Amino acid sequence: MSPARPPEPLPAAAFDSHCHLDMIDRPVPDVLAEARAAGITRMITIGCDLPSSRWAADCAAAHEDVYAAVAIHPNETAAAAAGPGGADGVLAEIRALAALPQVRAVGETGLDYYRDRAEASVQQDWFRAHIEIAKTAGKALVIHDREAHADVLRLLAEEGAPEHVVFHCFSGDEVMAKRCAEAGYVMSFAGNVTFASAQLLRDAAAAAPAELILVETDAPFLTPVPNRGRPNVPAMTAYTLRCIAEVKQLDVAELCAAITATGERVFGPWRA
Ligand SMILES: [Zn+2]
Ligand SMILES: [Zn+2]
């Protein structure tokens, strides 16, 4: 396979709201240097279970470009509950990690009705618990929503949403984008928005207010065009950002500034 084509550097700094640095098969400093060269100067690395959440918190403590999010992914909830300590023990540790200063979000949590690795009722209990942890910790909530829009919106309304909610890898249509906008929820678009088949997602991005848009890689997954099929890294956020700028007919530098401002509003001020 030919090497991935590096993106043209962005005209201003931006950031990757969602990546899994622990799953990228390269040294973290190399990945960060490559991201910085593309204009992606910060990123949030996301936990999916207890070990990856601990790893994310440690990584964010060690690298000042990196912030962490911690949670049990909806697909991992049944396995987490079956482990030593049970659900209560696991949630107690997520709560403790969420209180750390370099941990800026609780996520990824939510509902995944596409994969059936945990029953819907189990996923919903864990999602409710994560909503409560985010509110108590005063951190953003990063949501994984796969074929579960209605229940995700319903549980947020029932529990009372945290101040900052991010739909990661936003997968809704224009109607869903408008519903999120009304609630003040942030929509983070991933590399799949660049796929030729993704006109519905581009329509959603067109409908989303610029101040409620973030971009992400979900690296190592979902590599944007023109590198689709190759492993993803945070630097590739630049392609997705340029795609959104084109869809919204915004100047790229302007969108970089808007995304950086939204990032600091949602995840708290960056370290100097
Ligand atoms: Zn996800
Ligand atoms: Zn993810």
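This text follows the structure it describes.
In this text the structure is predicted, and so the values were computed from the model without any measurement. (Residues numbered from 1 in each chain as written. Chains lettered and ligands numbered in written order. Predicted model: local features only at pLDDT ≥ 70, side-chain atom pairs only at ≥ 80, totals over all residues. Heavy atoms only, no water.)

Next up on the list: the coordination of the zinc ion (ligand 1). Protein ligation of the zinc ion (ligand 1) involves Glu108 (OE), His144 (ND1) and His168 (NE2), the donor distances falling in the range 2.0 to 2.1 Å. Sequence positions of the donors to the zinc ion (ligand 1) reduce to the motif E-x35-H-x23-H. Here the zinc ion (ligand 2) and the zinc ion (ligand 1) are spaced 3.6 Å from one another, each receiving a donor from Glu108. Highlighted residues: Glu108 in strand β4 (residues 103-112) and His168 in strand β6 (residues 165-168), separated in sequence by 60 residues. The exposure class assigned to Glu108 is buried, which follows from its relative accessible area of 2%. (Donors = N, O, S within 2.8 Å, 3.2 Å for Na, K, Ca; no water. Helix = DSSP H or I, 4+ residues; strand = E, 2+ residues; numbered from the N terminus. Buried < 20%, exposed > 50% of the residue type's maximum accessible area, 1.4 Å probe, protein only.)

In this section: the coordination of the zinc ion (ligand 2). The coordination sphere of the zinc ion (ligand 2) contains the protein donors His18 (NE2), His20 (NE2), Glu108 (OE) and Asp218 (OD), at a distance range of 2.1 to 2.4 Å. Coordination at the zinc ion (ligand 2) is irregular, judged from the four donor atoms that bind it and the angles of 86 to 174 degrees they form at the metal. All donors to the zinc ion (ligand 2) come from one chain, and their sequence spacing reads H-x1-H-x87-E-x109-D. (Tetrahedral: all angles 85-135°; square planar, octahedral: opposite > 155°, others 65-115°.)

Our focus in this paragraph is the packing of helix α2 (residues 50-62) against helix α4 (residues 86-98). Interhelical geometry of α2 versus α4 gives an angle of 10 degrees and a closest axis separation of 11 Å. Considering the angle they form, α2 stands roughly parallel to α4. Facing α2, whose interface residues are Leu50, Ser53, Arg54 and Ala57, α4 presents Val90, Glu93, Ile94 and Leu97. Looking at side-chain class alone, the contact of α2 with α4 contains five nonpolar, one polar and two charged residues. (Axes fitted to C-alpha atoms, helices over the stretch in contact; angles between N-to-C directions. Parallel < 35°, antiparallel > 145°, perpendicular 65-115°, else oblique. Contact = heavy atoms within 4.5 Å. Nonpolar A, V, L, I, M, F, W, Y, C, P; charged D, E, K, R; others polar.)

We now examine the packing of aromatic side chains. Under the defined criterion, the tally for this structure stands at five aromatic pairs. Ring geometry for Phe15 against Phe267: centres 6.1 Å apart, planes inclined by 85 degrees, an arrangement best described as edge-to-face. A residue pair is termed long-range when its members are at least 10 positions apart, and Phe15 in strand β1 (residues 14-19) and Phe267 in helix α10 (residues 252-267) qualify at 252 residues. This pair shows no difference in class: Phe15 is buried, exactly as Phe267 is. Here the aromatic rings of Phe15 and Trp270 are separated by 5.0 Å at their centres, their planes lie at 65 degrees, and the arrangement is edge-to-face. Residue Phe15 is found in strand β1, and its partner Trp270 is found in the segment after α10; the two are separated by 255 residues along the sequence. Take Phe15 and Trp270: they sit in the same class, and that class is buried. (Phe/Tyr/Trp six-rings, centres within 6.5 Å; stacked < 30°, edge-to-face > 60°.)

In short, geometric facts, not functional conclusions.
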